[in-house]
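One letter stands for each residue in the lines below.
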Amino acid sequence: QVHLVESGGGLVQPGGSLRLSCVAAGPTFSNYVMSWYRQAPGKERELVARISSAGTSTDYADSVKGRFTVSRDNAKNTVYLQMNSLKPEDTAAYLCNAGRFYQLDIRGPYWGQGTQVTVSS
């Protein structure tokens, strides 16, 4: 069992930046593939970024490539999402996810409660 807690969301103007954090409680964080998903009202939950257990591989949704960066610090049991050049269409609840498999069509079983990101002038 992994307990995930996100933080760092908020209101930001278009073009601004935010850094999300997700702290994991539980054993062997370094064994888990970590992902960030987002869900806007009335829309499907979508994968934003994924990072392998060792942090050596990453993948991004096409809509955020070049603007978002996922990273992790296994010593701190934390995964980050640096979001730059934010757009209004990035507005969503962002959720942290943990699982065992890197395949992008597989969702891990553990979820955080989410942190809201609102991009608006």
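Residues numbered from 1 in each chain as written. Predicted model: local features only at pLDDT ≥ 70, side-chain atom pairs only at ≥ 80, totals over all residues. Heavy atoms only, no water.

Let us now look at unusual backbone geometry. With phi around 55°, Asn77 is a residue other than glycine that occupies positive phi space. By the element assignment, Asn77 lies in the loop between strand S7 (68-73) and strand S8 (78-83). (Helix = DSSP H or I, 4+ residues; strand = E, 2+ residues; numbered from the N terminus.)

One pass over the full model with this rule turns up two aromatic pairs. Over the aromatic face of Tyr80 sits the side chain of Arg19, whose NZ or CZ is 3.9 Å from the ring centroid. If you follow Arg100 out to its NZ or CZ, it ends over the ring of Tyr32, 4.3 Å from the centre. (Phe/Tyr/Trp six-rings, centres within 6.5 Å; stacked < 30°, edge-to-face > 60°. Lys NZ or Arg CZ within 6 Å of the ring centre and 35° of its normal.)

Before going further, it helps to spend a moment on the pattern of salt bridges. Evaluation of the coordinates by the stated rule reveals four salt bridges. With a closest N to O distance of 2.9 Å, Asp90 and Arg38 form a salt bridge. Residue Asp90 is located in the loop between S8 and strand S9 (92-99), and its partner Arg38 is located in strand S4 (residues 33-39); the two are separated by 52 residues in the primary sequence. The exposure class assigned to Asp90 is buried, which follows from its relative accessible area of 1%. Taking relative accessible area as the criterion, Arg38 reaches 6% and is therefore assigned buried. For Asp62, the salt bridge goes to Lys65, with nearest N and O atoms at 3.1 Å. Using a relative accessible area of 66% as the deciding quantity, one classes Asp62 as exposed. Residues participating in the shared-partner salt-bridge network are Arg38, Glu46, Arg67 and Asp90. (Salt bridge = Lys/Arg side-chain N within 4 Å of Asp/Glu carboxyl O. Buried < 20%, exposed > 50% of the residue type's maximum accessible area, 1.4 Å probe, protein only.)

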